[in-house]
Amino acid sequence: MPANIRRRAGRRAALAAVGAMTAGLLLTAPQQATAGPPNLLTNPGFETAGAPGSDMPSCWEKSGWGDNDFAFATVADAHSGTKAMKVSLTRRLSGDRKALVTENTTCAPTVVPGRQYDLSAWYKSNTPDVSVTAFRHDTTAGWQYWTDLQNPPVSAGWARTEVRTPAVPPGTDKITWGLSVYGVGTLTTDDYALEEVGAAPPQPTCTGTPDECAKGRWEVIPAKNPVRSMHAVVLKNGKVLLIAGSGNDIAQFNAGTFTSAVYDPANGSFKTIPTPVDMFCSGHVQLSDGRVLVMSGNKGYPSADGRIGYQGLKDSYVFDPATEAYTKTNDLNGGHWYPSATILGNGDVISFGGLKEDSTGNVTAERFSAAQNKWLPMNEVNQTWSYWGLYPSMILMQDGRLFYSGSHTFGNGTQGSGASIYDYGANTITDVPGLRKKDERDESASVLLPPAQDQRVLTVGGGNNESNPAANRLTELIDLKAASPAYTAGPDLPQGLVDVGGVRRAQTGAEGKMYVSAVLLPDGKVLETGGGLHDRADPVYEASFFDPLTNTYKAGLPADPIPRTYHSGAFLLPDGRVMAVGDNPGNGTYNDNVSIYTPPYLFKGARPKLTSVIDTQWVYGDTQRITVDRPIAKAELIRPAAVTHSSDPNQRYVDLPLSVVNNTTVDLNVTSNPNLAPPGWYMLFGVDAGGIPSVATWVHLGGAPALAAADEAPSPHVHDFADAPQAAPRQNPGKRDSAPVAPTVAGCDRHYGTASQCVPTKFPAEVKETTKARCDWLASHQYPKRMKVNGSDPLRLDPDGDGHACTT
């Protein structure tokens, strides 16, 4: 028997035999002692007829959606007893059909939030397009789609499928489920079961101080970051690529000195890497083969007279973790200083926004073809001629569309509602309502919450570098599965201490932070850390956990002792810790200290171990077997970070529903939808019932091209019914070369100092509009004492006219 028991790719001819072998294994292998009878389903074998006049058995209903031709029939070809359910699709353009446990109080089993349940059924099918689909009843919102758990393989004879649910979310009192058929073919099912996994989680043992066990610990490592890293990418070998380019240092730019480094967490070493061009404020993303695509960067700094701003490069490179070297690709169609970079479900990369070579806003989309290993010419890429701004956060949705969350860097006057859905195929942009203070989302963070299957996005904090108000503490939540998605208000961001010009005080009122980092953790929580109260100034010392299950923050975590504002980043390491780098305030300095956060789950006792991962090359729709040293409650794939300026739109946590064979042998059910988990290298974590994660094992999702052929894997089960905005698409502008962008888009008045320094065009509101107040603020924030005045003096910082600011 193959070690990965239901591997599809390259084995289509043997699917029926594999299905039969799987059934035998799952039937006879000892189940984990914590799961078992009683079966919580009523009429699990369809033997009891429905009410008079009903054409469905008791406690079962017809369910499904979309444009398809279908038939339901109770048949005598049963696994046991005299009846089974047959569902057929003879034509399909969209949607699915399934027999579902009836969604009512009599038939749907009662469940306990926080518990897990094993779902099983016997089935026969002649199509791979079958999915185990679960729904849940929310005590407030009613019945709603929950998740797809598994793609059972084709089986000509009766086979048994079994899969474990995630922990039941809070507010859920009942669940229901069924096997969806969403491709042309026939599915026959019988003998369903739903059994509670009732074991209590092991009691954690604290291995640190009480504070460490409750809140975790920060430490600053002895080694300094050798480069001014504005960009951080976790590589497929666990090392970290840190990219500086010129590092926001115009002297380095003029000297042609561009730098990167590779950090090895295993031994704490840094290795500097020759860097061909100024990749300062480029875009980057991991390609499906694990190389890093780095696009654009800085062609030129703003002029001293402020008439021209930053200029974008056309250049593009790939960084190979194996050789630790950059190789040039073909050029982009135009410059994109601060571009987005999102990998698509087919491995292509799409990019929007940024500044062109002449500092105007780039309105063209760019697409990197994975198959051709090059950027496509502009006429082969759909164009809306829309200006998306700088580092627009573009998150891939489960149906292949892109969600612009409203998070960006710099700029003002965001179009429409501030958030939208872009359909590349239809080439339409549809606004999404509900985002508060849409023009104060500069340097906010947006993240697809765990698990990716839930399609929920959290947007955190932000400000406005042009008007420079105190950063807000707003958080917004959106469910992209909703019938018409809209942001709703989340809980306010917790507050901490803010350092205002060298004096720390507690935050008050509506004060929040911009430049915030949001990091997905293997226990399913989100660490938010770092940030500042104003543009490139006034760091905030605060960190918290956001729990997607309860939509609440756990405040009061220890704060990173190093300020982390502009040009900072935080990201997950394969060992479950979080690394934080960078800080580049407006005075032009840079903090080269590196911090490591150890979350409290690493102080709870011994970690579970993935003692074997049979196969590290995974294909969509696979079932992959692992062994562990003790029971785990969940497993997931986490995409490694590629973060800059609070932005990592590709960060995602993909649930792997479990089929538990015994206490140490588990089958992981891999999504069939590459839009949920784009191809590439992932960190595989196993997590026990106490929330303690294993060290990650690297696995590659997608497989070799011959193995990942479309006809050898199930199609993705895409829920088009759940995410169609009701608003009409926005009218796209006509074809144009660029969009006007003010040279002051970075929020800096270039009449003072060098291009590496940023005297704010607008000082914080509490600073009086006088020379003394402004100069006092600059002095308290450690700006150089004699900054040259470049031409005129719009802020009146040189009253004695000696050509230098604040000298009197």
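Residues numbered from 1 in each chain as written. Predicted model: local features only at pLDDT ≥ 70, side-chain atom pairs only at ≥ 80, totals over all residues. Heavy atoms only, no water.

As a further point, take the overall build of the protein chain. Scanning the protein chain for helices and strands turns up four helices and 56 strands. The globule rule puts the C-alpha radius of gyration for 808 residues at 28 Å, and the 27 Å found for the protein chain is close to it. Counting only residues that meet the buried cut, the protein chain has 63% of its 808 residues in that class. Taking all contacts inside the protein chain whose residues are at least 6 apart in sequence as the whole, residues at least 24 apart take part in 65%. Counting only carbon and sulfur atoms, one obtains 54% of the accessible surface of the protein chain, whose full area is about 27,000 Å². Distance between charge centroids for the protein chain: 1 Å, based on 69 positive and 80 negative side chains. (Helix = DSSP H or I, 4+ residues; strand = E, 2+ residues; numbered from the N terminus. Rg over C-alpha atoms; globule rule 2.2 N^0.38 Å. Buried < 20%, exposed > 50% of the residue type's maximum accessible area, 1.4 Å probe, protein only. Contact = heavy atoms within 4.5 Å. Areas by Shrake-Rupley, 256 points an atom, 1.4 Å probe, with all protein chains shown as cover. Lys, Arg positive; Asp, Glu negative; His and termini not counted. Charge placed at Lys NZ, Arg CZ, Asp CG, Glu CD.)

The next subject is the environment of Leu602. Along the chain, the position of Leu602 falls in the loop between strand E44 (594-598) and strand E45 (610-613). According to the relative accessible area criterion, Leu602 is buried, its value standing at 18%. Residues Leu602 and Leu194 lie 408 residues apart in sequence; the distance between their C-alpha atoms is 33 Å. Filtering out sequence-adjacent residues up to four positions away, Leu602 remains in contact with Thr207, Asp575, Gly576, Arg577 and Arg607.

What we call a disulfide is simply a covalent bond connecting the sulfur atoms of a pair of cysteines. Going through the model one piece at a time under the given rule, you end up with four disulfides. The residue that forms a disulfide with Cys59 is Cys107, at a sulfur-sulfur distance of 2.0 Å. Taking the torsion about the S-S bond as the criterion, the Cys59 to Cys107 disulfide, at about -75°, is left-handed. One end of the pair, Cys59, is in the loop between helix H1 (15-28) and strand E1 (60-65); the other, Cys107, is in the loop between strand E4 (96-101) and strand E5 (116-125), with 48 residues separating them in the sequence. With a relative accessible area of 9%, Cys59 lands in the buried category. Cys107 sits in the buried class, given a relative accessible area of 8%. Here Cys775 pairs with Cys806 through a disulfide, and the sulfurs are 2.1 Å apart. On the S-S bond that ties Cys775 to Cys806, the torsion sits near -80°, and the link is left-handed. (Disulfide = S-S within 2.5 Å.)

What follows is about the pattern of salt bridges. If the charged atoms of two oppositely charged side chains come close together, the side chains can form a pair. According to the stated counting rule, one finds 33 salt bridges in the structure shown. Between Asp667 and Arg625 there is a salt bridge, and its shortest N-O distance comes to 2.7 Å. With a gap of 42 residues between them, Asp667 in strand E52 (residues 665-669) and Arg625 in strand E47 (residues 623-628) connect regions that are remote in the sequence. Residues Asp667 and Arg625 agree in their burial class; the two are buried. What emerges from the salt-bridge pattern is a single network uniting Asp67, Asp69 and Arg91. (Salt bridge = Lys/Arg side-chain N within 4 Å of Asp/Glu carboxyl O.)

Here we come to the packing of aromatic side chains. When we look at a pair of aromatic rings, we describe it by the centre distance and by the angle of the planes. Taken as a whole and judged by the stated rule, the model has 31 aromatic pairs. Ring centres of Trp388 and Tyr422 lie 6.2 Å apart, and the angle between their planes is 65°; this geometry places the pair in the edge-to-face category. Residue Trp388 is found in the loop between strand E25 (374-375) and strand E26 (394-396), and its partner Tyr422 is found in strand E28 (residues 420-423); the two are separated by 34 residues along the sequence. By relative accessible area, Trp388 is classed as buried at 8%. Over the ring of Tyr424 we find Arg367; its NZ or CZ atom is 4.8 Å from the centre of that ring. (Phe/Tyr/Trp six-rings, centres within 6.5 Å; stacked < 30°, edge-to-face > 60°. Lys NZ or Arg CZ within 6 Å of the ring centre and 35° of its normal.)

Turning next to the sheet that holds strand E15 (residues 269-274). Taken in spatial order, the five strands make up an open sheet running E15-E14-E13-E12-E49, and their pairing is antiparallel. The open sheet has two free edges, formed respectively by E15 and strand E49 (642-643), since each of these has just one partner strand. Note that strand E12 (residues 231-234) and strand E13 (residues 240-245) share four bridges and pair antiparallel. Bridge pairing in E13 links Val234 to Val240. (Pairing = 2+ DSSP bridges.)

With that settled, consider the sheet that holds strand E24 (residues 366-369). Pairing is antiparallel in the open sheet, where four strands are placed in the order E22-E23-E24-E25. Of all strands in the sheet, those with a lone pairing partner are strand E22 (342-343) and E25, marking the two edges. Taken together, the three bridges between strand E23 (residues 349-351) and E24 define a ladder with antiparallel strand orientation. The partner of Val349 across the bridge, within E24, is Phe368.

Time to look at helix H4 (residues 771-780). For H4, the set of buried residues is Ala773, Arg774, Cys775, Trp777 and Leu778. Buried positions along H4 lie against strand E39 (537-541) and strand E55 (787-788).

Positionally, Arg97 belongs in strand E4. Although Arg97 lies buried, it forms no salt bridge, and the closest oppositely charged side chain, Asp96, sits 6.0 Å away as judged by the N-O distance. Separated by 2.8 Å, the side chains of Arg97 and Asn68 make a polar contact. Residue contacts for Arg97: discarding those within four places in its chain leaves Ser63, Gly64, Trp65, Gly66, Asn68, Phe70, Phe72, Val87, Leu89, Leu179, Ser180 and Val181. (Polar contact = N/O pair within 3.5 Å; in protein donor to acceptor, adjacent residues only side chain to side chain.)

Counting 51 residues, the largest nonpolar core has Val240, Leu458, Leu521, Leu527, Phe571, Leu572 and Met579 as its most contacted members. Not counting residues up to four positions away in its chain, the partners in contact with Leu458 are Ala445, Ser446, Val447, Leu449, Thr475, Glu476, Leu477, Phe546 and Tyr553. Membership of the second largest hydrophobic core comes to 35 residues, among which are Val457, Leu480, Tyr487 and Val670. (Core = buried A, V, L, I, M, F, W, Y, C linked by side-chain atoms within 4.5 Å.)

This part is about the pairing of strand E51 (residues 658-662). Most of E51 sits out of view: four of its five residues are buried. As judged from the four bridges shared by E51 and E52, these two strands associate in the antiparallel manner. Each residue of the ladder has a partner; that of Ser659, found in E52, is Asp667. Hairpin remark: E51 followed by E52, antiparallel, with two residues in the connecting loop.

Counting buried residues in strand E8 (residues 155-164) gives eight out of ten residues, a clear majority hidden from the surface. Summarising the sheet, E5 and E8 pair through seven bridges and their orientation is antiparallel. In the sheet register, Asp118 faces E8, and the bridge partner there is Arg164.

Structurally, Gly496 is set in the loop between strand E33 (488-489) and strand E34 (497-500). Sequence separation between Gly496 and Thr147 is 349 residues; the distance between their C-alpha atoms is 37 Å.

We now examine unusual backbone geometry. Of note, the bond from Pro450 into Pro451 is cis; its omega dihedral lies within 30 degrees of zero at -15°. Here Pro451 shows up in the loop between strand E30 (445-448) and strand E31 (456-462). For Cys281, which is not glycine, the phi dihedral falls at a positive 65°. Among the secondary structure elements, Cys281 is positioned in the loop between E15 and strand E16 (283-286).

We now examine the environment of Gly702. Within the secondary structure, Gly702 sits in the loop between strand E54 (697-701) and H4. Accessibility expressed as a relative area gives 7% for Gly702, which makes it buried. Between the C-alpha atom of Gly702 and that of Pro674, which follows or precedes it by 28 residues, the distance is 8.2 Å.

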